[in-house]
Amino acid sequence: MTDHTNADTLRTPIVAVLGHVDHGKTSLLDTIRGSAVSEGEAGAITQHIGATDIPLDTISGMAGELIDPTDFDLPGLLFIDTPGHHSFSTLRARGGALADIAVLVVDVNDGFQPQTEEAIDILRRTGTPFVVAANKVDTTPGWNPQEGEPIQRSLEAQSERAEAMLNENLYEIIGQLSDAGFSADLYWRVQDFQKNIGVVPLSALTGEGVPDLLTVLMGLSQRFMKEEMAIDVEGPGEGTVLEVKDERGFGATIDTVVYDGVIRNGDTIVVGGQNEPIVTEIRALLQPRPLEEIRTEKQFEKVAAVGAAAGVKIAAPDLDQAMAGAPVRVVRDRPLEDVIEEVKAELAEIEVETADNGVVVKADTLGSLEAMANALREAEVPILRAEVGDIAPRDIAVAETANQDEHKAILGFNVDLLANAESDLENADVKLFTNDVIYQLIEDYETYVEEKQRAQQ
Ligand code: GDP
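Computed from a prediction, not measured in an experiment: that's the story for all the values here.

Engineer: It is not clear to me how the nonpolar core should be interpreted in this structure. Could you clarify?
Structural biologist: When a protein is soluble and globular, its nonpolar side chains tend to lie buried together. Ranked by size, the top nonpolar core spans 41 residues in total, and within it Phe-130, Val-132, Leu-177 and Val-199 carry the most contacts. Considering every element that reaches this core, the biggest residue donor is helix H6 (residues 160-179), with five residues. Counting residues in each nonpolar core, the second largest holds 35 residues, with Leu-77, Ile-101, Val-216 and Met-225 among its members.

Engineer: Explain the sheet that holds strand S21 (residues 359-363) to me, please; I cannot follow it from the model alone.
Structural biologist: Sheet strands line up and pair through hydrogen bonds in the backbone, either parallel or antiparallel. Pairing in this open sheet of four strands is parallel, and the strands run S22-S21-S23-S24 from one edge to the other. Among the strands making up the open sheet, the edge pair consists of strand S22 (383-388) and strand S24 (431-435). On average, each strand axis in the sheet is inclined to that of its neighbour by 15 degrees, with strand direction left out of account. Two elements, S21 and strand S23 (residues 409-413), share four bridges in a ladder whose sense is parallel. Of the residues in S23, the one forming a bridge with Lys-362 is Gly-412. Sheet contacts for helix H11 (residues 393-400): S21, S22 and S23; angle to S22, the most-contacted strand, approximately 170 degrees. Lying on the sheet, helix H13 (residues 438-456) is in contact with S21, S23 and S24; it crosses S24 at an angle near 155 degrees.

Engineer: How should the site of the ligand be read in this particular structure?
Structural biologist: Near the ligand there are 15 residues, and of these Asp-22, Lys-25, Thr-26, Ser-27 and Asp-138 occur at the shortest range. One nitrogen or oxygen atom from the main chain of His-23 is found 3.4 Å from an oxygen atom belonging to the ligand. One nitrogen or oxygen atom from the main chain of Leu-205 is found 3.2 Å from an oxygen atom belonging to the ligand. By residue number, the principal contributor to the shell around the ligand is helix H1 (residues 25-39), which donates three residues. Class assignment for the residues of the shell around the ligand results in three nonpolar, eight polar and four charged.

About the thresholds
Residues numbered from 1 in each chain as written. Predicted model: local features only at pLDDT ≥ 70, side-chain atom pairs only at ≥ 80, totals over all residues. Heavy atoms only, no water. Core = buried A, V, L, I, M, F, W, Y, C linked by side-chain atoms within 4.5 Å. Buried < 20%, exposed > 50% of the residue type's maximum accessible area, 1.4 Å probe, protein only. Helix = DSSP H or I, 4+ residues; strand = E, 2+ residues; numbered from the N terminus. Pairing = 2+ DSSP bridges. Axes fitted to C-alpha atoms, helices over the stretch in contact; angles between N-to-C directions. Contact = heavy atoms within 4.5 Å. Near = heavy atom within 4 Å. Polar contact = N/O pair within 3.5 Å; in protein donor to acceptor, adjacent residues only side chain to side chain. Nonpolar A, V, L, I, M, F, W, Y, C, P; charged D, E, K, R; others polar.

See below:
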């Protein structure tokens, strides 16, 4: 077993990638991982559960002249692997967003789109520092790729026509950011990244500008982590459940992002559960083997401990009732009762109002369940029961008890119908709606209700 704690005073910042669909979030994450792997030197990157850790020396290897690693006290950057608002706005840490900083990806040809606006709203609301990745610069007509060059120099090496076209698109985005209330500029013109949003032109396809993005993220997090986050990286571990998964040989396990302190094998932990907090003892802490090996054998390595920030799979008894989005707390140096109260208090912040009559709601994480409940309240749709998890036979039975026909419905956000519930659904007078976009899910339900009412008139 290896010890994966880090003794640095500043912990690795947690970075989320947001943006409109197809603007290149997944490609950007892949490219960051890929170029870090080909960098290949000391401390090659490690893919954790749900997150990818890029150490400082790998970033400095990629960024070349852009970065002086001695300027930084940060161990590197931890990217959450699930792109989109989903991982950002619905996964929380102590009531706030799980990520410390964010990358907003905008297709340089497309500019702001509905999900860009949504992401901006979330970033503003949570006060999260962010950088804009103006992606797909390579699609500029006449683009001449300049591998290994800082993006500013690469722009200068383009034909006048290409440079002018790209600049026009970039300034359109800067203008849209300004309309949204953010002062922004091309990143090399920004002096203070906390006052001004840096825009980094890049291509997730060619990799141009990606080292620049990492450099800007390092600079932004260095200041943010120093000023805003006094983190006790040695203390009892705190984390958020990303996913509850059955794993052969281990039973129910929780993929967890640890954002504070240290979690050790054998620790007693308290985890937010469906009915009450779960108190259990860690049987194994698991991380995927180094990236080279993942391709051939998808196996886990047992680690002795993980320090913030990192992703880890926790195997322990009784985790089958754990909820994605719920807090995980190590019990160390303080009474168990206090920790249980803390977990309860955090769960109580997530408000879901239910009524005696209404629809059944299922969602993949606690945060998304809350988001669903808020959206349904605005749409004046009452909720009979709301829970985290896939759709099970029990949900169908509950939905059937609704005494109004329009309420005999299940609204599932980002969840699946379990195989053992398929035949129940066929035989029941219950309508199932699933989607991974909240407003579409609610719209589909409302359309159904309207049609039903029209048919009855
Ligand atoms: P996501 O929905 O935001 O995760 O977007 P994807 O990463 O799946 O990208 C959407 C499409 O855009 C895919 O076909 C990508 O290959 C393409 N794409 C992403 N980044 C770039 C880029 O920098 N240049 C070009 N030419 N295409 C890109």
